[in-house]
Amino acid sequence: MSTTTLASRRQRGFTLLELLITVSVIAILMAIAVPSFRDVIRRNQVSSASNELLAGLSYARTEAITRGQLVSICPSADGAACSAGGKAYEPGWLVYTYPAGAASVGKVFAAGDILLRSTGARPGVSIQEKSGSVITFGQQGQLRPNTPLAFVTCARTGSTGTGESTTAVPGVGLGVNGSGSITNTSWVVGAACVP
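Everything in this summary refers to the structure shown in the same document. (Residues numbered from 1 in each chain as written. Predicted model: local features only at pLDDT ≥ 70, side-chain atom pairs only at ≥ 80, totals over all residues. Heavy atoms only, no water.)

**A look at the packing of aromatic side chains**
How two aromatic rings sit relative to each other is given by the distance of their centres and the angle of their planes.
Part 1 of the argument: This structure, assessed with the given rule, holds 4 aromatic pairs.
Part 2 of the argument: Pairing Y89 with W93 gives two aromatic rings, centres 6.3 Å apart and planes at 45 degrees, and the pair type is tilted. Across the pair, W93 and Y89 agree in class, each one buried.
Part 3 of the argument: Relative to Y98, the ring of Y96 lies with its centre 5.7 Å away and its plane at 85 degrees, an arrangement referred to as edge-to-face.
Part 4 of the argument: Ring pairs connect the aromatic residues Y89, W93 and F151, which therefore count as one cluster. (Phe/Tyr/Trp six-rings, centres within 6.5 Å; stacked < 30°, edge-to-face > 60°. Buried < 20%, exposed > 50% of the residue type's maximum accessible area, 1.4 Å probe, protein only.)

So this is what it looks like as structure tokens:
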């Protein structure tokens, strides 16, 4: 064998020092990127949950106008009945209406009512509503009774609690005025995630 062949074989591999430097650089980059990526995922969860709730409220209002009858929305953990207490919406919610002659403002979903939409649980977030009562839209899209609503969606690190609004993952506030118009705002950083 010639010396040029041996020299070219030696140059093909990595030295242990080069490998250690490469692994160290990758570890440093991962240490910087992983927490940032986690915040991106949590921001996406908050935004997605808030948009889903906004869509549910808009849908209920539109159906009330289209059908010319009362349409209600309430939190639901099982997709079949309204949850007691009614302030936590992260387990999901129901949008429903009533058969002719059975409508009443604030009536909880019961047998014989017409289920229009059921939304499932939103993991990793807290969605809180201020009043805790069944939300009802009238035939012209107005709230019945004419009491403004407030919702807050925040990221949650554990399985319980109201979450928190931070600089990295700010919360989102939704407001519904008496006429049924819905507004979307950023929640104050450091404020409690309770409307």
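Still more ground to cover, so stick around.
**So, the pattern of salt bridges**
Part 1 of the argument: Using the criterion set out here, one finds 2 salt bridges in the structure.
Part 2 of the argument: One salt bridge in this structure joins E63 and R67, with 2.7 Å as the shortest N-O distance. Taken together, the positions of E63 and R67, both in helix α2 (residues 16-67) and 4 residues apart, correspond to about one turn of that helix.
Part 3 of the argument: Take R67: its relative accessible area is 38%, and that puts it in the partly exposed class.
Part 4 of the argument: Notably, a salt bridge pairs R156 with E90, separated by 3.2 Å at the nearest N-O pair. Taken together, the residues R156 in the loop between β6 (149-155) and β7 (172-176) and E90 in the loop between β1 (71-75) and β2 (93-97) connect sequence positions 66 residues apart. Here R156 matches E90 in class, with each residue buried. (Salt bridge = Lys/Arg side-chain N within 4 Å of Asp/Glu carboxyl O. Helix = DSSP H or I, 4+ residues; strand = E, 2+ residues; numbered from the N terminus.)

**Overview of the state of the cysteines**
Part 1 of the argument: In the structure shown here, the tally under the stated rule is 2 disulfides.
Part 2 of the argument: Through a disulfide, C74 is tied to C82; the S-S separation comes to 2.0 Å. Its torsion about the S-S bond being -85 degrees, the disulfide of C74 and C82 is classed as left-handed. Here C74 and C82 have matching classes, each one buried.
Part 3 of the argument: Bridging C154 to C193, the disulfide has an S-S length of 1.9 Å. As the torsion about the S-S bond is roughly -85 degrees, the C154-C193 disulfide counts as left-handed. One end of the pair, C154, is in strand β6; the other, C193, is in the segment after β8 (182-186), with 39 residues separating them in the sequence.
Part 4 of the argument: Each bonded cysteine of the protein is numbered by sequence order, and under that numbering the disulfide pairs are 1-2, 3-4. (Disulfide = S-S within 2.5 Å.)

**Section: the sheet that holds β2**
Part 1 of the argument: On the basis of which strands lie adjacent, the open sheet formed by 4 strands has the order β3-β2-β1-β5 and antiparallel pairing. On the outer flanks of this sheet lie β3 (114-119) and β5 (135-137), each paired with one strand and no other. Here the average twist between neighbouring strands, direction ignored, is 20 degrees.
Part 2 of the argument: The pairing of β2 with β3 spans 5 bridges and is antiparallel. The residue of β3 that forms the bridge with L94 is S118. (Pairing = 2+ DSSP bridges. Axes fitted to C-alpha atoms, helices over the stretch in contact; angles between N-to-C directions.)

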